[in-house]
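Descriptive analysis of the structure
Here is how the chains run, residue by residue.
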Amino acid sequence: MPAAALTLTLPDLRRYAVARSLFKPTSLPQAIQRLGFVQADPIRAPARAQDLTLRHRVKDYRAGDLERRYTRLAVEEDCLVNYGFLPREHLKLMHPRSAKRAWDAKTRAQAEAIQAFVQAQGPCHPREIQQHFNLGSTRNAWGGSSNATTHLLDGMHYRGLLRVQQREQGQRIYSAVAHTPDPRTPHEKAQALLDLVLAKYAPLPSRSLGHLCSLLGYGAPHLRGELRQVLAQVRKTWPQAQVEGQTWFWPEGENPGSKRWKLDEAVRLLAPFDPVVWDRLRFEQFWGWAYRFEAYTPAPKRKLGYYALPLLWRGEVIGWGNVSSAEGRLQAQLGYVAGRAPREPGFSAALDEELAAMARFLGVDTP
């Protein structure tokens with residue numbers, strides 16, 4: 001159906017957003033391929049964000065499965081709109097990557113020496129590189145002091161001189177890499193990157209689309225000009241509709257008003273960076289309240305909790321949960337926008353099922 005022929009409501013868009021993202025659980029490789037990108041975060045409360053995102057989309061997923069299986073997957077730790085995991089095929093859209101800040105001659109020489117060392121030695125723990133190249137300390141982005149070797153390794157990974165081979169107890173193990181050149185023009189690469197983020201986060205209000213285009217400057221800083229040009233074009237050509245004063249966009253070939261987008265009765269505790277809730281502007285438009293990630297907010301000022309997980313039921317985010325484990329048993333503190341839990345039939349049983357699923361995912365007992 002042509003976009004111009006669609007008459008959509010905000011509930012249509014909300015149902016479409018939830019149903020298309022929370023697809024039927026599949027295999028880990030297929031889920032990552034379908035998502036296109038999985039945002040990472042090191043905080044475990046109760047698990048890392050990438051695991052909390054994947055558990056709803058991968059059959060029988062357990063916390064840490066992505067890290068355990070990483071070396072057998074065609075997946076890379078890298079940058080897109082932020083840091084995370086993405087199918088290896090997408091890297092060629094962004095590499096060779098040119099950082100905003102150029103290295104001086106001394107730093108380039110150090111990077112070349114480390115790259116030669118890793119090529120000769122094979123996969124290396126940062127500790128091994130530190131022992132061989134003690135570069136001292138450097139000032140970090142927050143004005144403090146950090147290990148200069150670690151800082152340089154981060155920069156080399158960002159520029160595509162090294163890749164993350166695997167992790168050991170959370171530490172990156174680096175190996176040498178040679179990224180495959182992509183024959184597409186910069187304009188075509190920019191188009192592909194915008195298609196990628198639209199497919200992940202759709203439907204998108206116009207303002208959020210512009211914000212994501214800006215964030216793509218992190219993964220592809222050398223394509224900033226092309227991204228802006230392509231954005232101006234796709235705003236005219238992508239499927240779109242005016243809904244409650246906003247222009248909304250979605251991928252070609254999809255109809256947000258179709259009956260194929262069905263909601264289920266499951267209760268879900270979502271990661272703070274899950275694609276369903278990632279866009280805070282869209283969140284407020286869909287659900288009428290402001291969700292905030294408060295891990296870095298001083299405790300006295302928190303309203304929802306350190307790592308509050310949005311609580312989804314029947315296409316509505318009705319509250320939040322702070323989940324942990326103590327003495328091998330799941331602990332869950334829930335809050336509700338309405339001030340109390342829904343009294344409709346089915347909610348209590350669905351919540352119990354979600355908490356049991358969370359316990360299995362974490363490898364602990366139910367409450």
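Above this text you will find the structure in question.
Formed by 116 residues in total, the largest nonpolar core has its most connected members in Leu54, Leu80, Leu193, Leu194, Trp287 and Tyr307. Tallying contributions element by element places helix H8 (residues 186-201) first for this core, with eight residues. Contact partners of Leu193, with chain neighbours within four places excluded, come to Leu80, Leu93, Met94, Leu216, Ala220, Leu223 and Leu227.

A few words now on the pattern of salt bridges. Working definition: two side chains of opposite charge can pair if their charged atoms are close together. A complete count under the given rule lists 16 salt bridges for this structure. For the salt bridge of Glu76 with Arg163, the shortest nitrogen-to-oxygen distance reads 2.8 Å. Residue Glu76 is located in strand E2 (residues 75-79), and its partner Arg163 is located in strand E6 (residues 162-168); the two are separated by 87 residues in the primary sequence. Here Glu76 matches Arg163 in class, with each residue buried. A salt bridge links Asp154 to Arg172; the shortest N-O distance between them is 3.0 Å. In this pair, Asp154 sits in helix H7 (residues 148-158) while Arg172 sits in strand E7 (residues 171-176), placing the two residues 18 residues apart along the sequence. A relative accessible area of 35% means that Asp154 is categorised as partly exposed. A single network of salt bridges, built from pairs that share partners, joins Glu76, Arg88 and Arg163.

Scoring rules and cut-offs
- Along each chain, residues carry numbers from 1 onward, in the same order as the chain's sequence is written.
- In keeping with the model being predicted, local features are shown solely for residues with a pLDDT of at least 70 and side-chain atom pairs are shown and tallied solely at 80 or more, while totals for entire chains, interfaces and linings include all residues.
- Calculated side-chain values reflect all of the structure's heavy atoms, with hydrogen atoms and water omitted.
- To qualify as a nonpolar core, a set must consist of buried Ala, Val, Leu, Ile, Met, Phe, Trp, Tyr and Cys residues joined through side-chain atoms within 4.5 Å.
- For every residue, the accessible area obtained with a 1.4 Å probe (protein chains only) is divided by the maximum for its type, and the residue is called buried under 20%, exposed over 50%, and partly exposed between those limits.
- In DSSP terms, a helix is any run of H or I states spanning at least four residues, a strand is any run of E spanning at least two, and both are numbered starting from the N terminus.
- Contacts were defined at the residue level, with two residues in contact if any of their heavy atoms lie within 4.5 Å.
- The rule for a salt bridge is simple: a side-chain nitrogen of Lys or Arg has to be within 4 Å of a carboxyl oxygen of Asp or Glu.

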